[in-house]
Amino acid sequence: MRTAEKSRQTNETSIFVAIHLDDPSNVLIQTGIGFFDHMLELFAKHGRFGLHIKAEGDLHIDSHHTVEDVGIVLGQVVKAALGNKEGISRYGSSYVPMDETLGFIAVDISGRPYLHFDAQFTNPKLGAFDTELVKEFFIAFAYQSAITLHARVLYGENTHHQIESLFKALGRALCQAITIDPKINGVNSTKGLLE
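What you see is a predicted model; the values in this text were computed from it and never measured.

J.: Would you mind going over the packing of aromatic side chains with me for this structure?
T.: Think of a pair of aromatic rings as described by two things: how far the centres are apart, and how the planes are tilted against each other in angle. Following the criterion strictly, the structure yields 12 aromatic pairs and no others. Centroid distance Phe43 to Phe49: 5.3 Å. Interplanar angle 50 degrees. Geometry classified as tilted. Both residues of the pair, Phe43 and Phe49, count as buried. Aromatic side chains Phe43 and Phe141 sit 6.2 Å apart centroid to centroid with 75 degrees between the ring planes, which places their arrangement in the edge-to-face category.

Okay, structure coming up:
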C-alpha cells in the first residue's frame, strides 16, 4: 500500500496531508482558498490519487504561506509513499488542452529536485488566489518530492484555463511516472538506486 501522511505546524500554517497513490476513492481538500482547493482536486482526480489536505494558514495576510506549505508537505508525502521506488516507470509527461490553452508537464522521479517553469499569467488574482503562487507551489512540491519537473504553458489567454491545464497535467504525468511496470526489475536506473 503506497500511502503516507504528515502534519506540519509552524507559526504561519498548520498542514495535514495524506495520500494514497493507488486508491482514488477518497479526496478531501480544505485549504481555505477556493481556487487552490479546486486545482488540488483536479490534480488528485487526474492523478488517480486518494488525497486528503487540511490546511489552516494566515490568510488574513495573504495566501502565500498556505500555498507554499501545502506544496512542501504534499511533496514530502509523495516521496514517502513511493518508498524505494522499485518497479515504477519513473518518467511521465502529459499535454492537457483546456479550451484555447495547452499546458505541458514532464516529470522524472529521479531523486534530483529541479523545476523549470515557463508560464506567464496575465490575471494576477483568481478569487483569493494570487496567480504568482502557482510557481511557488511547484517549487515547493518539486524540491520536497525530489522530482525533476518541467512545466510549460505553450499558449492560451485565460489564466484560469492556463493554471488548470498545469494542475491536470501534473496529476496525469505523475500518475504515469509512479505506475508499476512488471518488466522493471528493481529501480529504473543503471545506478541501481533512486534516492
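J.: Which parts of the structure should I look at to understand the nonpolar core?
T.: One broad trend across soluble globular proteins is that nonpolar side chains are buried collectively. Formed by 56 residues in total, the largest nonpolar core has its most connected members in Leu74, Ile105, Phe137, Phe138, Leu149 and Phe167. In contact with Leu74, other than residues within four places in its own chain, are Val17, Ile19, Leu40, Phe43, Leu51, Phe137 and Phe141.

J.: Sorry if this is basic, but what is going on with unusual backbone geometry here?
T.: Phi is mostly negative for residues that are not glycine, and the peptide bonds are mostly trans. A positive phi angle is found at Arg48, which is not glycine, with a value near 60 degrees. Topologically, Arg48 is positioned in the loop between helix H1 (34-47) and strand E4 (50-57). The partly exposed category is assigned to Arg48, whose relative accessible area is 42%. The phi dihedral of Arg90 is positive, around 85 degrees, even though this residue is not glycine.

J.: Whenever I open this one, the packing of helix H3 (residues 133-145) against helix H4 (residues 159-178) confuses me. Can you help?
T.: Helix packing for two helices is described by the angle between their axes and how far apart those axes are. For the pair H3 and H4, the least separation of the axes is 11 Å and the interaxial angle reads 15 degrees. One finds that H3 runs roughly parallel with respect to H4. When you trace H3 past H4, the crossing you get is left-handed. Across from Val134, Phe137, Phe138 and Phe141 in H3, the residues of H4 making contact are Ile163, Leu166, Phe167, Leu170 and Leu174. Of the residues that constitute the contact of H3 with H4, the class distribution is nine nonpolar, no polar and no charged.

Basis of the calculations
- Residues numbered from 1 in each chain as written.
- Predicted model: local features only at pLDDT ≥ 70, side-chain atom pairs only at ≥ 80, totals over all residues.
- Heavy atoms only, no water.
- Phe/Tyr/Trp six-rings, centres within 6.5 Å; stacked < 30°, edge-to-face > 60°.
- Buried < 20%, exposed > 50% of the residue type's maximum accessible area, 1.4 Å probe, protein only.
- Core = buried A, V, L, I, M, F, W, Y, C linked by side-chain atoms within 4.5 Å.
- Contact = heavy atoms within 4.5 Å.
- Helix = DSSP H or I, 4+ residues; strand = E, 2+ residues; numbered from the N terminus.
- Axes fitted to C-alpha atoms, helices over the stretch in contact; angles between N-to-C directions.
- Parallel < 35°, antiparallel > 145°, perpendicular 65-115°, else oblique.
- Left-handed = near helix turned anticlockwise from the far one by under 90°.
- Nonpolar A, V, L, I, M, F, W, Y, C, P; charged D, E, K, R; others polar.

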